[in-house]
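Here is how the chains run, residue by residue.
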Amino acid sequence: MTPPARFIGSEIYRGSSYGDWHPLRVPRVSTVMDLSRALGWLPPEAYIRSPRAKPVALHAFHTPDYVDALLGAETSQQVTPEIRARHHLGTPANPVFSEMYRRPATGVGGALLAGELLRHGGRLHLPGGGTHHGLPDRANGFCYLNDPVFAIQSLRRHGARRVAYVDIDAHHCDGVEAGFSHDPDTLLVSTHEENRWPRTGAVEEEGAGQVFNLPIPSGSGDDAMALARDRVILPAVAAFRPDAIVLQYGADALLEDPQSRLAMSGHAHLGVLRGLLPLAPRFLLLGGGGYNPWGVGRLWTASWGVLVRARIAGAVGAARAGGAARVEVARAETGDDTAGGMAHDAYRCGATRRDRRCAACACRGAGGAARGMGLRRSSGRGLAGQGCAMRKTPHDTRWTMLVKPLCMALLLALPCAARAEILTFAAASLGGPLDRVVEAWEAQGGAEVTVSYAGSSALARQIAAGAPADLFISASEDWMDEVAAAGLIEAGSRRDLLGNGLVLIASDPDAAPVLISPDLDLAALLGEGRLAMALVDAVPAGQYGRAALEGLGLWDGVAAQVAQTENVRAALALVASGAAPLGIVYETDAAEEPRVTMLGAFPEDSHPPIRYPAALVLDAAPEAAAFLDFLSGAEAQAVFMAAGFTIPDAALPGAGTPEPEPAE
């Protein structure tokens, strides 16, 4: 007889926070505990208080020097520059806080206990676990220790020879893969958002042949996860015949989560959970990512309900009845489409601009998924209505039985039908002013515009992968050149739409202005703090910033203190929140954020000219040309100039890049 499901928790999660500015400032595990108790699903006999792992136990994966550094940082509440550089402690992602050792050690203690408790089979929920980025000698991606690794090791010590680890977090499980990628007795299956930090987990990464990475395109919803579940996850796990399954259950793939651009409801996760439960006698459900406290609390509580076989009827949420609040519970046990995804249901009805964008992304997902799973473009044109060249992975059987069917299913399930709106890919720094321009365009009866903001490099790669954008506005001429070189923009449509400046900003509202020149002692201004910048080798704002610092001879003095982010708005947020004292952003970004102080502008000759080229993507919707002209018109220009952008002479209605002269 299978033992009853048990829940390992701790009160340490209730009062612990990574800091007021950090994504993990929100309550999560305590919310699940409280809601589960309120619903009657967590009686005292099912609850087990998690022990805390001792330092010596951590040496089974983490180096003694790192464990000592982590303990020392919690004790002293500070780190030296050497410790920060070597072990990545005291960074914006991995800050110093009062429980920085005790909290993750509690997660590891629960993981070690889980292996022991499951030695005779059963189901266990450890929502405080799932810190899958931790590396042997350093903290990584909010994760100080790697409890999934310890869970797998503990299961092995207690009789589970073959362990299947499945990870459906929005971010790839780089730490777990580093520990087990070449262990034939550990199956690793990960679904994660394509091109999302840590930017590992490519489909070609196969370890010893037992690693299955499934990058999912941004905007993908429940259908994409269902295909991955039915065509890869469940067949791979069933064929592996594991003695135990560990499921990392990050909630950051939900539509309403701020740390990803996936568009799933709780049904996607619950479907994977239900499908895996019968496949092994030992089952450990971990937590993971998830930064919207309501989404995390609802999903993880419903999942505990599945483990204890609770009847879940209605929707988890508060409703007013007779003046009193009452709780209704989602129908997770039946799989009914009414449960667990209220925000996703709103998206289906087209309630918000972001929701509509996600719906559009479901179409372009076919192209991105095809590339991620091994399909290549042909003739430089989009996948919709075109031929596809297919290649095999090094393991032909794996390709034929698992990956190839998923690719074809994605292509069939997500056809790029005729679009009734203009899908615009725009550099992140345009957010705000461009939204106001879109509102003005639509108010005049223009076709509906959906804007997808990201770094210019990411957008260019998505277009090259087949994303059906109609219009591309880059913050870099180089990335527009890349798209043009691939033959993916309409001839004659390219124009320089806007210009911008580069500024140094501070989080201190009383910071004094500075003259940015070769004589500036930027290192002294920083002290031991961090300089927030967009990725200096990929994102235009970061590239311009590095070029300016190098041109002024300041780069070498501060390079070790640069905190790089995936786009310029993320760098702005670090400074606005106080996580970094200084940052380099566009002048327009500084104007949009009242919590930062502009210290000074970089000389124009210290970096390449900042231009925002815009162009129609090949086979764009007919309405897109009119919208591009509107962007170059007087009304839109007034909005952009009010936000601090400059208007190049080329940004006149109908002005395009001159066609090359024909050869004589």
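Remember, predicted model here, so these are calculated numbers, not experimental data. (Residues numbered from 1 in each chain as written. Predicted model: local features only at pLDDT ≥ 70, side-chain atom pairs only at ≥ 80, totals over all residues. Heavy atoms only, no water.)

Caption draft 1: Region of the structure containing the pattern of salt bridges. Evaluation of the coordinates by the stated rule reveals 17 salt bridges. Arg-86 is paired through a salt bridge with Asp-65; the nearest N and O atoms lie 3.0 Å apart. Placement of Arg-86 in helix H4 (residues 81-87) and of Asp-65 in helix H3 (residues 64-76) is noted, with a sequence separation of 21 residues between them. What makes Asp-65 partly exposed here is its relative accessible area of 42%. We note a salt bridge from Arg-196 to Glu-193, for which the minimum N-O separation is 3.1 Å. Among the ionic contacts, a cluster of salt bridges with common partners joins Glu-11, Arg-14 and Asp-34. (Salt bridge = Lys/Arg side-chain N within 4 Å of Asp/Glu carboxyl O. Helix = DSSP H or I, 4+ residues; strand = E, 2+ residues; numbered from the N terminus. Buried < 20%, exposed > 50% of the residue type's maximum accessible area, 1.4 Å probe, protein only.)

Caption draft 2: Structural context of the pairing of strand S22 (residues 611-616). S22 sits mainly inside the fold: five of its six residues count as buried. Summarising the sheet, strand S15 (residues 471-473) and S22 pair through three bridges and their orientation is antiparallel. The partner of Ile-473 across the bridge, within S22, is Ala-614. Bridging between strand S16 (residues 495-499) and S22 involves four bridges; their strand directions are antiparallel. Note that in S22 the partner of Gly-499 across the bridge is Arg-611. (Pairing = 2+ DSSP bridges.)

Caption draft 3: Molecular detail of the packing of aromatic side chains. Counted by the stated rule, this structure contains 13 aromatic pairs. For Arg-37, the ring lying beneath its charged end belongs to Tyr-47, and the centroid distance is 4.7 Å. Seen from the ring of Phe-240, Arg-162 lies directly overhead, with NZ or CZ sitting 3.9 Å from the centre. (Phe/Tyr/Trp six-rings, centres within 6.5 Å; stacked < 30°, edge-to-face > 60°. Lys NZ or Arg CZ within 6 Å of the ring centre and 35° of its normal.)

Caption draft 4: Quick look at the sheet that holds S16. One open sheet accounts for five strands, arranged S14-S13-S15-S22-S16; its pairing is mixed. Every other strand in the sheet has two partners, leaving strand S14 (449-454) and S16 as the edge strands with one partner each. Ignoring which end each strand starts from, the neighbouring axes of this sheet average 20° apart. On the sheet, helix H16 (residues 477-485) packs against S15, S16 and S22 and is oriented at approximately 20° with respect to S22. (Axes fitted to C-alpha atoms, helices over the stretch in contact; angles between N-to-C directions. Contact = heavy atoms within 4.5 Å.)

Caption draft 5: Quick peek at the sheet that holds strand S20 (residues 582-586). One open sheet accounts for five strands, arranged S19-S18-S20-S17-S21; its pairing is mixed. Looking along the sheet, the strands with just one partner apiece sit at the ends: strand S19 (562-565) and strand S21 (597-601). Averaged over all pairs of adjacent strands, the angle between their axes in this sheet comes to 30°, without regard to strand direction. Across the sheet, helix H18 (residues 540-551) lies against strand S17 (502-506), strand S18 (531-534) and S20, angled at about 125° from S18, the strand it touches most. Sheet strands touched by helix H20 (residues 568-576): S17, S18, S19 and S20. Its angle to S18, the strand with the most contacts, is close to 165°.

Caption draft 6: Broad picture of the nonpolar core. Membership of the largest hydrophobic core comes to 72 residues, with the highest contact counts inside it found for Leu-430, Leu-434, Leu-531, Leu-549 and Leu-631. Ranked by the residues each element gives to this core, the list is headed by H20, at six residues. In this view, Leu-434 contacts Ala-426, Val-451, Tyr-453, Ile-473, Leu-631 and Phe-640; residues no more than four positions away in its chain are not counted. Of all hydrophobic cores here, the second largest spans 56 residues; its members include Tyr-47, Ala-164, Phe-240 and Leu-254. (Core = buried A, V, L, I, M, F, W, Y, C linked by side-chain atoms within 4.5 Å.)

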